[in-house]
Amino acid sequence: MSDFAIGESDFLLDGEPFRILSGALHYFRVHPDLWADRIGKARLMGLNTIETYVPWNAHSPRRGEFDTTGRLDLGRFLEQVAAAGLYAIVRPGPYICAEWDNGGLPAWLFQEPGVGVRRHEKRFLAAVERYLEDVLGIVRPLQVDQGGPVLLVQVENEYGAFGNDPEYLDAVAGMIRKAGITVPLVTVDQPTGPMLAAGGLDGVLRTGSFGSRSAERLATLREHQPTGPMMCMEFWDGWFDHWGGPHHTTSVEDAARELDALLAAGASVNIYMFHGGTNFGLTSGADDKGVFRPTVTSYDYDAPLDEAGRPTAKFDAFREVLSRYTEVPTEGSAVPSAAAPVFSVPLGEPVRLLTDPSAWGSPSWHAEMPTLDELGARLALFRTEIDHDGPALLSVGEVRDRALVFLDGDPVGVLERDRRDRALMLPRGRGRLEIVVEDQGRVNYGPRIGEVKGLIGEIRLGEEPLSDWSACSVDLDAVPTVWDRATVDVRAGIGPTAWRASFPAGQPVDHFLRTDAWGKGIAWVNGFCLGRYWHRGPQHTLYVPAPLIRTGDNELVVLELETLADPTAHFVSDLALGPVED
């Protein structure tokens, strides 16, 4: 057991000054069988601490649940950090941002009208307290003063960029202490006066988040934190990507120079990210600062370890900088991964959603079209019969986030949130109207956190409101087994269609699935959801971690929402964040 405290100018570990040299590594973005590899590489780079967020919505997808299995086993992750001889920082939120769906807040929180979002409101705080009791029950025995690795626990996250409710922050801090956390607490905010003032708490150490102008930012932080150690809790060494945007990279030399300046000033640091990992499943969030921009599946972040856990040029550059301030291990090395196999397999046995929706999920009937939240769905098919003379204008209040429109099974058009689409012309006014609505990721930053998904407001054909809808919530977890309930369709490729293929593997090694020849959809390997793909890029491959691969036969399933022009799966030799080279 050790004592960890905040001194007049330093962190103190058993009474001696201690500089935190941390790297962000999110357990939920890495396959658990690879945690030890990534943690070990952090130690080799010269870090002494691992930081992680905790995503409330991943642990509690439904009210009353708290899942800690597989990729969500926080206790096992922290034990592996300790086994590597490193310390840990835990940031449980309840809000985390992290470019994660809804900033980590469960969607079910907001199904009751008027529930608070990151403010002192009794229903919101009651849910937060239960969550913190669950997660901190794991952290409590793993604190450094209990013989574990955890040095610090964070209160909320960059709250000064969202609101100004000290009563709320104080309540969250109180809940953390009540749950048995005895190590020091911290807050983090971008280093501006207003944000540090609104996001901080007296008696809780303020830290900053920035990636440049270290001396200037530390000076601003010191104005609001007159005593205690200086720390950059998020030293941004890269950035994240949005669908349809560029792949972000930052200069290795500039990042290393800024890290050196930060350490030369005597500050502690948490490098964000050391290893970004992957937004597996449908966990990536979105921005909406006037334009809705969903985040890609990869969370590579241009970090010292790439998405597949391989050292980049930043790893060597940061290691050299860190060696000036700490003893960097000389034993061991970051062993290169085995070469990824390159091959192609045909996709076959197409099953079409529009042909037999009941095979994909549970149908229900509604006088008015329900939201996706009301259905508890991320993807749903809505149907109604229309009877209108001649061509007709279909209009909606707001699209959140994408709607594929069909008439008697034929595609008519697409309504997209990022283009602010509200209407499209149907070629005729009679027939079966079908709309497939997709949630592309919940906003994770700003005032639109917690918003409802689906087609919002009245839906009209011409001047008449449409009613009497059937709704099918697509069970995405069951898509890899849809062939048990549906038959192969000769009209494959028209509307959302599932395809599958078998491929062999000699040994479990990383694979990279090329997706740029496809439209938009989701992919699974051996029942595990790799995440979304979209021809817009900049991401053109999906990472398949080696532990997912079985020696012998493996199954790939693809749910293509648009048109699969090339029904072939191509596995390539490397990640492609940007154009793919043939």
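In what follows, the structure referred to is the one given above.
About the thresholds
- Residues numbered from 1 in each chain as written.
- Predicted model: local features only at pLDDT ≥ 70, side-chain atom pairs only at ≥ 80, totals over all residues.
- Heavy atoms only, no water.
- Helix = DSSP H or I, 4+ residues; strand = E, 2+ residues; numbered from the N terminus.
- Rg over C-alpha atoms; globule rule 2.2 N^0.38 Å.
- Buried < 20%, exposed > 50% of the residue type's maximum accessible area, 1.4 Å probe, protein only.
- Contact = heavy atoms within 4.5 Å.
- Areas by Shrake-Rupley, 256 points an atom, 1.4 Å probe, with all protein chains shown as cover.
- Lys, Arg positive; Asp, Glu negative; His and termini not counted.
- Charge placed at Lys NZ, Arg CZ, Asp CG, Glu CD.
- Pairing = 2+ DSSP bridges.
- Axes fitted to C-alpha atoms, helices over the stretch in contact; angles between N-to-C directions.
- Right-handed = clockwise from strand over helix to strand, strands pointing away.
- Polar contact = N/O pair within 3.5 Å; in protein donor to acceptor, adjacent residues only side chain to side chain.
- Phe/Tyr/Trp six-rings, centres within 6.5 Å; stacked < 30°, edge-to-face > 60°.
- Lys NZ or Arg CZ within 6 Å of the ring centre and 35° of its normal.
- Expected span 1.5 Å × (residues − 1).

Draft legend 1. Focus on the overall build of the protein. Across its full length, the protein holds ten helices and 34 strands. On C-alpha atoms alone, the protein measures out to a radius of gyration of 25 Å, which is about the 25 Å that the 2.2 N^0.38 rule sets for 582 residues. Reported as C-alpha extents along the three principal axes, the dimensions of the protein are approximately 80 × 55 × 40 Å. Of all 582 residues assigned to the protein, the portion counted as buried reaches 60%. For the protein, the proportion of contacts with a sequence separation of at least 24, taken over those separated by at least 6, is 78%. Carbon together with sulfur atoms contributes 50% to the accessible area of the protein, which is approximately 21400 Å² in total. One way to put it: in the protein the 53 positive side-chain charges average out to a point 2 Å from where the 83 negative ones average out.

Draft legend 2. Up close: the sheet that holds strand β10 (residues 231-236). With parallel pairing, the eight strands of this closed barrel are ordered in space as β4-β5-β6-β7-β8-β9-β10-β11. Strand-to-strand twist in this sheet, taken as the mean axis angle between neighbours without regard to direction, amounts to 30°. Pairing of strand β7 (residues 150-154) with strand β8 (residues 185-189), which is carried by two bridges, proceeds in the parallel orientation. Each residue of the ladder has a partner; that of Gln154, found in β8, is Val186. Packed on one face of the sheet, helix α1 (residues 35-45) meets β4 (21-25), β5 (49-53) and β11 (268-275) and runs near 135° to β11.

Draft legend 3. Just the pairing of β4, in detail. Most of β4 sits inside the fold, with five of its five residues counted as buried. Neither face of β4 is left uncovered, since the one carrying Leu21, Gly23 and Leu25 and the one carrying Ser22 and Ala24 both have all their residues buried. Relative to β11, β4 runs parallel, the two being bridged by four bridges. Residue pairing across strands places Ser22 opposite Asn270, the latter belonging to β11. As paired strands, β4 and β5 are joined by three bridges and run parallel to one another. Considered in β5, the bridge of Ser22 is made with Thr49. In this fold, the crossover linking β4 to β5 by way of α1 has right-handed handedness.

Draft legend 4. The arrangement of helix α3 (residues 74-83) in detail. Along α3, the residues that are buried comprise Leu74, Gly75, Phe77, Leu78, Gln80 and Val81. Buried residues belonging to α3 abut β4, α1, β5, β6 (87-91), α4 (122-139) and β7. Following α3 by one or two positions, Gly85 adopts a phi angle in the positive range, close to 85°.

Draft legend 5. Inspection of the pairing of β6 at higher detail. Counting buried residues along β6, four of its five residues qualify, which places the element largely inside the surrounding structure. In this structure, β5 lies alongside β6, joined through five bridges in parallel fashion. Bridge pairing in β6 links Thr52 to Val90. At this point the chain moves from β6, through α4, to the parallel β7, and the crossover so formed is right-handed.

Draft legend 6. Focus on the side chain of Gln539. Along the chain, Gln539 turns up in the loop between β31 (528-534) and β32 (541-544). Owing to a relative accessible area of 2%, Gln539 belongs among the buried residues under this scheme. At 3.1 Å, the side chain of Gln539 and the backbone nitrogen of Thr297 are in polar contact. A polar atom in the side chain of Gln539 sits 2.8 Å from the backbone nitrogen of Ser298. If near-sequence neighbours (up to four positions away) are discounted, Gln539 is found in contact with Trp243, Val296, Thr297, Ser298, Thr515, Trp534, Ala576 and Leu577.

Draft legend 7. Looking closely at the packing of aromatic side chains. In the structure shown here, the tally under the stated rule is 28 aromatic pairs. On the numbers, 4.7 Å between centres and 15° between planes, the contact of Trp56 with Tyr131 is stacked. Pair noted here: Trp56 is in helix α2 (residues 56-59) and Tyr131 is in helix α4, with a separation of 75 residues, a long-range link. The same class applies to Trp56 as to Tyr131, namely buried. Of the aromatic side chains, those joined through ring pairs into one cluster are Tyr53, Trp236, Trp239, Phe240, Tyr272, Tyr299 and Tyr301. For the cation-ring pair, Arg29 lies above Tyr299, with the distance from its terminal atom to the ring centre recorded as 3.7 Å. In this structure, Arg118 is placed above the aromatic ring of Tyr95, and the distance from its NZ or CZ to the ring centre is 3.6 Å.

Draft legend 8. View of α4. An ideal rise of 1.5 Å per residue puts 26 Å on 18 residues; α4 measures up with 25 Å between its terminal C-alpha atoms. Every buried residue of α4 is accounted for by Phe124, Leu125, Ala127, Val128, Tyr131, Leu132, Val135, Leu136, Ile138 and Val139. The secondary structure elements touched by the buried residues of α4 are α2, α3, β6, β7 and α5 (166-178).

Draft legend 9. Structural detail: the sheet that holds strand β2 (residues 11-13). Strand order in the open sheet made by the three strands is β1-β2-β3, with antiparallel pairing throughout. Each edge of the open sheet carries a strand with a single partner, namely β1 (4-6) and β3 (16-18). Averaged over all adjacent pairs, the angle separating strand axes in this sheet is 40°, with direction ignored. Sheet analysis places β2 next to β3, joined by three bridges and oriented antiparallel. Opposite Leu12, over in β3, you have Pro17 as the bridge partner.

Draft legend 10. Inspection of unusual backbone geometry at higher detail. Cis rather than trans, the peptide bond between Gly93 and Pro94 has omega equal to 25°. Tracing the chain through its elements places Pro94 in the loop between β6 and α4. With an omega of 10°, the peptide bond running from Gly537 to Pro538 counts as cis. With respect to the element layout, Pro538 can be found in the loop between β31 and β32. Backbone geometry at Asp408 places phi at a positive 55°, although glycine is not the residue there.

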